[in-house]
There are 2 protein chains.
Amino acid sequence: MAQNIYDNPEFHAGYSTLGRQVHGLDGAAEWPEMRALLPEVSGARVLDLGCGFGWFARWAAERGAHSVLGVDVSSKMLERAQEDTEAASVRYQQLDLDEFVPASSSFDVAFSSLAFHYVRDLDRLLSATAGSLAAGGALVFSVEHPIYSAPSTQAFETSQAGDRVWPLDNYLAEGERVTSWFVDGVVKRHRTVATYVNAVINAGFVLDRMVEFGASTEQAQAHPERADDVHRPWFLLLKATRSGAAR
Amino acid sequence: MAQNIYDNPEFHAGYSTLGRQVHGLDGAAEWPEMRALLPEVSGARVLDLGCGFGWFARWAAERGAHSVLGVDVSSKMLERAQEDTEAASVRYQQLDLDEFVPASSSFDVAFSSLAFHYVRDLDRLLSATAGSLAAGGALVFSVEHPIYSAPSTQAFETSQAGDRVWPLDNYLAEGERVTSWFVDGVVKRHRTVATYVNAVINAGFVLDRMVEFGASTEQAQAHPERADDVHRPWFLLLKATRSGAAR
């Protein structure tokens, strides 16, 4: 199973202070681009893989989703999600994404924000997710971008030529990355862009769109606090549609 | 139009010494992975965009392609391609890929090796290529990987932590990159992985597979001369199929 760092009290305390946990979806820089990838959720049966505090589940419910199932490994996060949720159309379930086996054709939209890089067996989860979607159903997910997750040192530095650079190494060396994030020993899994793309396709999806979330030259100039994001993407976002038949 | 550096005598002299130009396809490290992406060419009408000395055109002809059209902007390269080609099924044509307008549904397989990063208008070329393929026709192409083409300094260095790193910057700043490669002033165009993927999809293709060509940990250990290739991919390879209808 994947590491459940979210129930570690020290991690949980730090994580809860993040803008996206205090302010919800609007506190997440990439949310406008995630939202743009989403199909209409009104009337849809929605699945949120790694739902955390339930921000997206409530957003979907407010927009008329027929039903929303939010799943997460963290009981602490689900407790607060449940407290904060009034809509009767939303259910939460505690489980490990590495063991999730959803019912066949039971959803129209599958969503996941920054959870798949914790999953041990991505192929298994994507196949299960494809099977849980009706034909034509959509998958929209984000992960840490592989350029972001790859390096031995995940921090900008000044290069020998005097440029501000992201010291990339081990991009093609897939596997665990142990980082310090509120606490030491947070385990994520580094995969290449190609591995994500091919896993989506192999699971029976047609890839519709990719977003490498960071900042264009124009965005970096307009928002100096985002200047670093022109140098390396932060998140990888994919939108895919379940094809009629597995390929 | 794209820069035609290949007719520069000094560039041409240097370029002609590359392993892949002396030894052909087997001199290109990525050829086994390109070949694995290709559909059966026997009986197919094949298009090679940026055919150079004609190595792939002859390979396809030898494997029973119905016909092969190799196009390239460089008259020097096409002269040698023609000299080296005996098969009557192969034709060559000099033209700029930024101006190429192939006939509708006239090909079954479109191939391109390391040429699209010179093209000014990728969307136009991919739409034209999609239009030139019969429904179900395949596109297989390679470009310099965006991680390779992005940085201000395209060379490994030792990071502050003492690691061998690829000093990545400006990944999301798309546009021209002027490099020194046999001669100064070689102009290539840097695009992100997402831009390539979305351009392929927008042109009416279904993406089938992505390869980020470099070296896995195992390959790097087995081939010490390729150790650097575990740190950053060298080429991006994509295989796509023309869908029945433009999306």
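Residues numbered from 1 in each chain as written. Chains lettered and ligands numbered in written order. Predicted model: local features only at pLDDT ≥ 70, side-chain atom pairs only at ≥ 80, totals over all residues. Heavy atoms only, no water.

S.K.: Just give me the short version of the overall build of chain A, but keep the residues and values in it.
M.R.: Within chain A, the regular secondary structure consists of 9 helices and 11 strands. For chain A, whose C-alpha radius of gyration is 18 Å, the value lies close to the compact-globule estimate of 18 Å for 247 residues. Taking as baseline every contact in chain A between residues at least 6 positions apart, the subset at least 24 positions apart corresponds to 65%. Working note: accessible area of chain A is about 9700 Å², and carbon and sulfur atoms make up 48% of it. In chain A, 21 side chains carry a positive charge and 32 a negative one; their mean positions are 5 Å apart. (Helix = DSSP H or I, 4+ residues; strand = E, 2+ residues; numbered from the N terminus. Rg over C-alpha atoms; globule rule 2.2 N^0.38 Å. Contact = heavy atoms within 4.5 Å. Areas by Shrake-Rupley, 256 points an atom, 1.4 Å probe, with all protein chains shown as cover. Lys, Arg positive; Asp, Glu negative; His and termini not counted. Charge placed at Lys NZ, Arg CZ, Asp CG, Glu CD.)

S.K.: Which residues make up the interface of chain B and chain A, and what values go with them?
M.R.: Taken together, the 42 residues of chain B in the interface contact 42 residues of chain A. Of the roughly 3300 Å² buried between chain B and chain A, counting both surfaces, carbon and sulfur atoms make up 52%. Area buried by chain B at its contact with chain A is led by Leu168(B), Leu172(B) and Glu212(B), which between them contribute 18% of it. Where chain B touches chain A, the interface holds 0 salt bridges. Linking chain B with chain A are 24 residue pairs in polar contact (both at pLDDT 80 or more). At the level of elements, strand E6 (157-158), strand E7 (164-168), helix H8 (193-202) and strand E10 (205-213) of chain B are the ones that each hand at least two residues to the side of chain B that touches chain A. Across the side of chain B that touches chain A, the residue classes break down as 19 nonpolar, 13 polar and 10 charged. Inspection of the sheet shows strand E7 (residues 164-168) of chain A paired to E7(B) by 3 bridges, in the antiparallel sense. Note on E7(B): the bridge partner recorded for Leu168(A) is Trp166(B). (Buried area = accessible area lost by both parts, 1.4 Å probe. Salt bridge = Lys/Arg side-chain N within 4 Å of Asp/Glu carboxyl O. Polar contact = N/O pair within 3.5 Å; in protein donor to acceptor, adjacent residues only side chain to side chain. Nonpolar A, V, L, I, M, F, W, Y, C, P; charged D, E, K, R; others polar. Pairing = 2+ DSSP bridges.)

S.K.: Lay out the relation of the copies chain B and chain A with the relevant residues and their values.
M.R.: Its rotation angle being 180 degrees, the transformation that places chain B on chain A also includes 0.0 Å of axial translation and leaves an RMSD of 0.0 Å. Seen this way, the second copy is the image of the first under a two-fold rotation axis. The position closest to the rotation axis in chain B is occupied by the C-alpha of Pro167(B), lying 2.5 Å away. (Least-squares fit on C-alpha atoms with pLDDT ≥ 70 in both.)

S.K.: Tell me what's going on with the packing of helix H6 (residues 122-132) of chain B against H8(B), and back it up with residues and numbers.
M.R.: Residue and element names in this part refer to chain B. Between H6 and H8, the shortest axis-to-axis distance is 9 Å and the interhelical angle comes to 35 degrees. Considering the relative orientation of H6 and H8, their crossing is right-handed. Of H8, the residues touching H6 (which contributes Leu122, Asp123 and Leu126) are Tyr196, Ala199 and Val200. Its residues placed into classes, the contact of H6 with H8 shows 5 nonpolar, no polar and 1 charged. (Axes fitted to C-alpha atoms, helices over the stretch in contact; angles between N-to-C directions. Left-handed = near helix turned anticlockwise from the far one by under 90°.)

S.K.: Can you explain the packing of aromatic side chains? Please cite residues and give values.
M.R.: All names here are of chain A. Following the criterion strictly, the structure yields 36 aromatic pairs over all chains and no others. Between tyrosine 6 and tyrosine 118, the ring centres sit 5.6 Å apart and the planes meet at 85 degrees, which makes this aromatic pair edge-to-face. You can see tyrosine 6 sitting in the segment before helix H1 (9-15) and its partner tyrosine 118 sitting in the loop between strand E4 (107-113) and helix H6 (122-132), a full 112 residues away along the chain. Assigned by exposure class, tyrosine 6 and tyrosine 118 land together as buried. Relative to tyrosine 196, the ring of phenylalanine 141 has its centre 6.3 Å away and its plane inclined at 50 degrees; by these criteria the two rings are tilted. With phenylalanine 141 in strand E5 (residues 133-144) and tyrosine 196 in helix H8 (residues 193-202), the pair connects residues that are 55 residues apart, well separated along the chain. For tyrosine 196, a relative accessible area of 1% gives the class buried. (Phe/Tyr/Trp six-rings, centres within 6.5 Å; stacked < 30°, edge-to-face > 60°. Buried < 20%, exposed > 50% of the residue type's maximum accessible area, 1.4 Å probe, protein only.)

S.K.: Any details on the sheet that holds strand E1 (residues 45-49) of chain A? Residues and values, ideally.
M.R.: All names here are of chain A. Spatial ordering of the open sheet is given by E3-E2-E1-E4-E5-E11-E10, a layout of 7 strands whose pairing is mixed. At either end of the open sheet lies a strand with only one pairing partner, and these are strand E3 (90-94) and strand E10 (205-213). Here the strands of the sheet are splayed against their neighbours by 15 degrees on average, with no regard to which way each runs. Docked against the sheet, H6 engages E1, E4, E5, E10 and strand E11 (235-242), running at close to 145 degrees with respect to E5.

S.K.: Help me get a handle on the nonpolar core, residues and values and all.
M.R.: Core analysis: the largest hydrophobic core is formed by 92 residues, its most contacted members being Met210(A) and Met210(B). Excluding anything up to four places from it in sequence, Met210(B) contacts Val193(A), Ala194(A), Val197(A), Asn198(A), Met210(A), Val193(B), Val197(B), Leu236(B), Leu237(B) and Leu238(B). (Core = buried A, V, L, I, M, F, W, Y, C linked by side-chain atoms within 4.5 Å.)

S.K.: Could you give me a rundown of the pairing of strand E4 (residues 107-113) of chain B, with the residues and numbers involved?
M.R.: Two faces, one strand: in a regular strand the side chains alternate between the faces of the sheet. Residue and element names in this part refer to chain B. Counting buried residues in E4 gives 5 out of 7 residues, a clear majority hidden from the surface. Across 3 bridges, the pairing between strand E1 (residues 45-49) and E4 is parallel. Bridged to aspartate 48 within E4 is phenylalanine 111. Sheet topology places E4 next to strand E5 (residues 133-144); 6 bridges connect them, and they run parallel. Note that in E5 the partner of serine 113 across the bridge is serine 142. Handedness of the crossover joining E4 and E5 through H6: right-handed. (Right-handed = clockwise from strand over helix to strand, strands pointing away.)

S.K.: So, the side chain of Arg189(A): which residues are in play, and what are the values?
M.R.: All names here are of chain A. Residue position: arginine 189 is located in strand E9 (residues 183-190). For arginine 189, a relative accessible area of 15% gives the class buried. A distance of 3.3 Å separates a polar side-chain atom of arginine 189 from the backbone oxygen of tyrosine 118.

S.K.: Explain the sheet that holds E1(B) residue by residue, including any values.
M.R.: Residue and element names in this part refer to chain B. Taking strand neighbours across the sheet as the criterion, the 7 strands line up as E3-E2-E1-E4-E5-E11-E10 in an open arrangement whose pairing is mixed. Edge positions in the sheet fall to strand E3 (90-94) and E10, since each of these pairs with one other strand and no more. Across this sheet, the average inter-strand angle for adjacent strands is 15 degrees, counted without regard to direction. Of the strand pairs in this sheet, E10 and strand E11 (residues 235-242) are connected by 8 bridges, and their pairing is antiparallel.

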